[in-house]
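Topology and contacts: notes
Residue-level listing of the chains:
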Amino acid sequence: MSIKTNLTEVKSKLPNHVTLVAVSKTKPVEDLMEAYQAGQRIFGENKIQEMAEKYQQMPKDVLWHMIGNVQRNKVKYMAEFVNMIHGVDSEKLLNEINKHAKKHDRTINCLLQLKIAQEDTKFGMTSEAAHTLLNSKDFKRLENIAIVGVMGMASFTDNTTQIKEEFSALKTTFESLKNINPKLREVSMGMSGDYPLAIECGSTMVRIGSSIFGARNYVI
Ligand SMILES: *Cc1c(COP(=O)(O)O)cnc(C)c1O
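This part covers the overall build of the chain. A count of helices and strands for the chain gives 9 helices and 8 strands. Its C-alpha radius of gyration of 17 Å places the chain within 12% of the 17 Å reference for a compact globule of 220 residues. Considering only contacts in the chain between residues 6 or more positions apart, those separated by 24 or more positions represent 59%. Accessible surface computed for the chain: about 10800 Å², of which carbon and sulfur atoms make up 48%. Positive and negative side-chain charges in the chain, numbering 29 and 25 respectively, have mean positions lying 5 Å apart.

Here it is in C-alpha cells:
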C-alpha cells in the first residue's frame, strides 16, 4: 500500500472537525513528500533535531508539530518555525518556549500534556497541576505562547474499556480547563491503534504514524 492510499484511508475515517497530524518520526523526507503531494500539511515529529533537519528540506507551508518530550535546552532549535508543541508539562518549559518565541517575534501554540495512562512511563501533568498553571499570575504574563488545548496518551493495552476511561478523563479535564481559558479548542488524543476510540471520546486532533507511513524500524 502506498502512503497516499494509506492517507486517503485514514482520512476517510476522520470526521471533519478532527485534524490529522501525520507522525513522520524516523521516516525519510521522501516519505514525507509523498504525503505532502497527497495534500498533507501537518507533520508530527518527536525529536527536535530531526524535525529541524526536515524543516530545512520540506516546503515552507508545512506546519510542524512537536509531539515528543521537550528538553528545555533544545527549544531554541525549533522556536523559529514550530507551529504547535504538544508535550508541555511544566511552567519552566513554558517560560523557555515563551523566551525563544519572543526572540523570533512569534506566538507558539502549546498543548498541556496530561498524564492519563496508568503506566509510569507516560509523561504529563496532573489535572490539578494544569488548573493551577492556567490560574497562575506568572503564566498570564507569558505573551508569546498560546495554550490551545490538551494532549494525552492512553495506556498501551487491548483493554478498550480502560482506554476509553483514560480518553474520557482527558476530555473532562479539557472541559474544566476551558472554564478558566475559553480559548482552549484542541484535544490531541488518538494514535494508529486507538484513534477511533479517541474520536468517540471527543478528540479534535489525532496523531497517526504507522497507519500512514508503515511500521517504524525501531521503537521510539
Ligand atoms: C509515535 C507517536 C505517535 C504515532 O504513533 P503510531 O502508533 O505510529 O500512530 C503519536 N503520538 C506520539 C506522542 C508519538 O510519539
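What follows covers the layout of surface pockets. Reported here for the second largest pocket is a volume of approximately 240 Å³. The wall of the second largest pocket is formed by Leu134, Phe139, Lys140, Leu142, Ile145, Ala146, Ile147, Val148, Ile180, Asn181, Lys183 and Arg185. Elements represented by at least two residues in the lining of the second largest pocket include exactly helix H6 (137-140) and strand E6 (145-151). Ranked by residue count, the leading element in the lining of the second largest pocket is E6, at 4 residues.

This part takes up the pattern of salt bridges. This model, assessed by the stated rule, comprises 9 salt bridges. With a closest N to O distance of 3.6 Å, Lys99 and Glu96 form a salt bridge. Taken together, the positions of Lys99 and Glu96, both in helix H4 (residues 91-103) and 3 residues apart, correspond to about one turn of that helix. Residue classification places Lys99 among the partly exposed residues on the basis of a relative accessible area of 42%. Notably, a salt bridge pairs Asp138 with Arg141, separated by 3.0 Å at the nearest N-O pair. Shared partners join several salt bridges into a network, and the residues in it are Glu45, Glu50 and Lys54.

Around the ligand, the surrounding shell consists of Val23, Lys25, Ile67, Met151, Met153, Met191, Ser192, Arg207, Ile208, Gly209, Ser210 and Arg216. In this structure, an oxygen atom belonging to the ligand sits 2.7 Å away from a side-chain N or O atom of Lys25. One nitrogen or oxygen atom from the side chain of Ser192 is found 2.5 Å from an oxygen atom belonging to the ligand. With the chains in place, 91% of the 390 Å² that the ligand exposes on its own is no longer accessible. Grouping the amino acids of the shell around the ligand by side-chain chemistry returns 6 nonpolar, 3 polar and 3 charged.

Glancing now at the pairing of E6. Judged by how many residues are buried, E6 sits mostly within the fold: 6 of 7 residues are covered. Relative to E6, strand E5 (residues 108-113) runs parallel, the two sharing 6 bridges. Bridge pairing links Leu111 to Gly149 in E6. Here 3 bridges tie E6 to strand E7 (residues 186-188), and the two strands are oriented parallel to one another. Within E7, the position partnered with Met151 by the bridge is Ser188. Each parallel crossover has a hand, and for E6 linked through helix H7 (residues 160-180) to E7 it is right-handed.

Across the interface, helix H5 (residues 127-135) lies against H7 with an axial gap of 10 Å and an inter-helix angle of 15°. When the interaxial angle is binned, H5 and H7 end up roughly parallel. Between H5 and H7 the crossing geometry is right-handed. Here Ser127, Ala130, His131, Leu134 and Asn135 of H5 come into contact with H7, specifically with Thr173, Ser176, Leu177 and Ile180.

Here we take up the side chain of Lys54. In this fold, Lys54 is placed in helix H3 (residues 48-57). In terms of polar contacts, Lys54 uses its side chain to reach the backbone carbonyl oxygen of Ser24, at 3.0 Å. Residues contacting Lys54, with those up to four places away along its chain left out, are Ser24, Lys25, Thr26, Lys27, Val29, Leu32, Glu45 and Trp64.

Now for H4. Here H4 spans 19 Å end to end across 13 residues, near enough to the 18 Å set by a 1.5 Å rise per residue. Along H4, the residues classified as buried are Leu93, Leu94, Glu96, Ile97, Asn98, His100 and Ala101. In the core, the buried residues of H4 are packed alongside strand E4 (84-88), E5, H5, H6 and E6. Looking one or two residues past H4, Asp105 carries a phi angle of roughly 55°, positive in sign.

Calculation rules
- Residues numbered from 1 in each chain as written.
- Predicted model: local features only at pLDDT ≥ 70, side-chain atom pairs only at ≥ 80, totals over all residues.
- Heavy atoms only, no water.
- Helix = DSSP H or I, 4+ residues; strand = E, 2+ residues; numbered from the N terminus.
- Rg over C-alpha atoms; globule rule 2.2 N^0.38 Å.
- Contact = heavy atoms within 4.5 Å.
- Areas by Shrake-Rupley, 256 points an atom, 1.4 Å probe, with all protein chains shown as cover.
- Lys, Arg positive; Asp, Glu negative; His and termini not counted.
- Charge placed at Lys NZ, Arg CZ, Asp CG, Glu CD.
- 1 Å grid on protein atoms, 1.4 Å probe; cavity = no way out; pocket = protein on both sides within 12 Å on 5 of 7 lines; lining within 4 Å.
- Points joined across faces, edges and corners; volume = space filled by probe spheres on them.
- Salt bridge = Lys/Arg side-chain N within 4 Å of Asp/Glu carboxyl O.
- Buried < 20%, exposed > 50% of the residue type's maximum accessible area, 1.4 Å probe, protein only.
- Near = heavy atom within 4 Å.
- Polar contact = N/O pair within 3.5 Å; in protein donor to acceptor, adjacent residues only side chain to side chain.
- Nonpolar A, V, L, I, M, F, W, Y, C, P; charged D, E, K, R; others polar.
- Pairing = 2+ DSSP bridges.
- Right-handed = clockwise from strand over helix to strand, strands pointing away.
- Axes fitted to C-alpha atoms, helices over the stretch in contact; angles between N-to-C directions.
- Parallel < 35°, antiparallel > 145°, perpendicular 65-115°, else oblique.
- Left-handed = near helix turned anticlockwise from the far one by under 90°.
- Expected span 1.5 Å × (residues − 1).

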